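Coordinate inspection notes
Now for the letters of each chain:
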Amino acid sequence: VVVILISATNVIPQYTEEEKKSQAFPDYMRCDACKAIAHEIRGDLGKWQPTPGQHYTTRAGGRKLKMSAVLDRIHEVCHPVPYKGLGNYAVKQGESDRVTLVGPGLPENEKIAGLTRSEKRWPLMLGVR
């Protein structure tokens with residue numbers, strides 16, 4: 001006889017009606033979504049090597065990055081397809097009946113015990129946010 005004990009913390013995340021039907025993050029998840037996007041942009045810009053032509057010369061003779069080059073790079077990071085780093089995000093069942101976003105840049109949420117549910121919808125929502 002095999003007995004399997006399932007802890008209450010190991011529950012597959014269940015979605016509320018808002019989470020199921022919404023095209024955007026529910027209000028309570030927006031702070032975590034912003035942290036995740038900022039984490040991905042910060043990480044990508046730190047590794048980015050601008051190409052020639054993406055700089056301009058200031059009146060004082062210094063070189064600065066063109067704002068359009070930076071915005072293009074941010075758009076690449078946040079574009080939902082291909083997911084790049086945004087594909088590393090999923091949800092767990094939080095302390096309440098709500099799901100919690102987990103992934104890089106959200107270390108406090110990683111401490112939540114439970115199963116992770118990964119779907120295309122979460123990276124897509126991050127990309128269009």
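Below you will find a few notes about this structure. These figures come from a predicted structure and were not determined experimentally. (Residues numbered from 1 in each chain as written. Predicted model: local features only at pLDDT ≥ 70, side-chain atom pairs only at ≥ 80, totals over all residues. Heavy atoms only, no water.)

Within the secondary structure, Asp-32 sits in helix α2 (residues 30-47). For the buried Asp-32, which has no salt bridge, the nearest side chain bearing the opposite charge is Lys-35, at an N-O separation of 4.1 Å. With near-sequence residues (within four places) excluded, Asp-32 lies in contact with Thr-100, Leu-101, Leu-106, Glu-108 and Asn-109. (Helix = DSSP H or I, 4+ residues; strand = E, 2+ residues; numbered from the N terminus. Buried < 20%, exposed > 50% of the residue type's maximum accessible area, 1.4 Å probe, protein only. Lys, Arg positive; Asp, Glu negative; His and termini not counted. Salt bridge = Lys/Arg side-chain N within 4 Å of Asp/Glu carboxyl O. Contact = heavy atoms within 4.5 Å.)

Between its terminal C-alpha atoms α2 stretches 26 Å, which fits the 26 Å expected from 18 residues at 1.5 Å a residue. Of the positions making up α2, those classed as buried are Asp-32, Ala-33, Ala-36, Ile-37, Glu-40, Ile-41 and Asp-44. (Expected span 1.5 Å × (residues − 1).)

Here we take up the packing of aromatic side chains. The full count for this structure, using the stated rule, is zero aromatic pairs. Of note, Arg-98 hangs over the ring of Tyr-28, and the distance from its end group to the ring centre comes to 4.3 Å. (Phe/Tyr/Trp six-rings, centres within 6.5 Å; stacked < 30°, edge-to-face > 60°. Lys NZ or Arg CZ within 6 Å of the ring centre and 35° of its normal.)

Our next topic: the sheet that holds strand β3 (residues 90-93). Note on sheets: strands pair through backbone hydrogen bonds, and any given pair is parallel or antiparallel. On the basis of which strands lie adjacent, the open sheet formed by three strands has the order β4-β3-β5 and antiparallel pairing. The strands lining the two open edges of the sheet, one partner per strand, are β4 (99-102) and β5 (116-117). As judged from the two bridges shared by β3 and β5, these two strands associate in the antiparallel manner. Note that in β5 the partner of Lys-92 across the bridge is Thr-116. (Pairing = 2+ DSSP bridges.)

What follows covers helix α3 (residues 67-78). Given a rise of 1.5 Å per residue, twelve residues ought to cover 16 Å, and the 16 Å separating the end C-alpha atoms of α3 matches this to within 8%. All of the buried residues along α3 are Ala-69, Val-70, Arg-73, Val-77 and Cys-78. All buried residues of α3 lie within an arc of 165° about the axis, which places them on one face of the element. Seen from the buried face of α3, the exposed residues on the opposite side, beyond 90 degrees, are Met-67, Asp-72 and His-75. (Arc of directions from axis to C-beta.)

Examined against the element boundaries, Gln-54 turns out to sit in the loop between α2 and β1 (55-57). Polar contacts involving the side chain of Gln-54 include one to the main-chain amide nitrogen of Thr-51, which spans 2.8 Å. Those residues in contact with Gln-54 that sit more than four places away from it in its chain are Trp-48, Lys-64, Leu-65, Lys-66 and Ala-69. (Polar contact = N/O pair within 3.5 Å; in protein donor to acceptor, adjacent residues only side chain to side chain.)

Taken as a whole and judged by the stated rule, the model has four salt bridges. A salt bridge links Arg-30 to Asp-27; the shortest N-O distance between them is 3.0 Å. Two residues, Glu-108 and Lys-35, come together in a salt bridge whose shortest N-O distance is 3.4 Å. Remark: Lys-35 occurs in helix α2 and Glu-108 occurs in helix α4 (residues 107-110); sequence separation between them is 73 residues. We classify Glu-108 as partly exposed; its relative accessible area is 38%.

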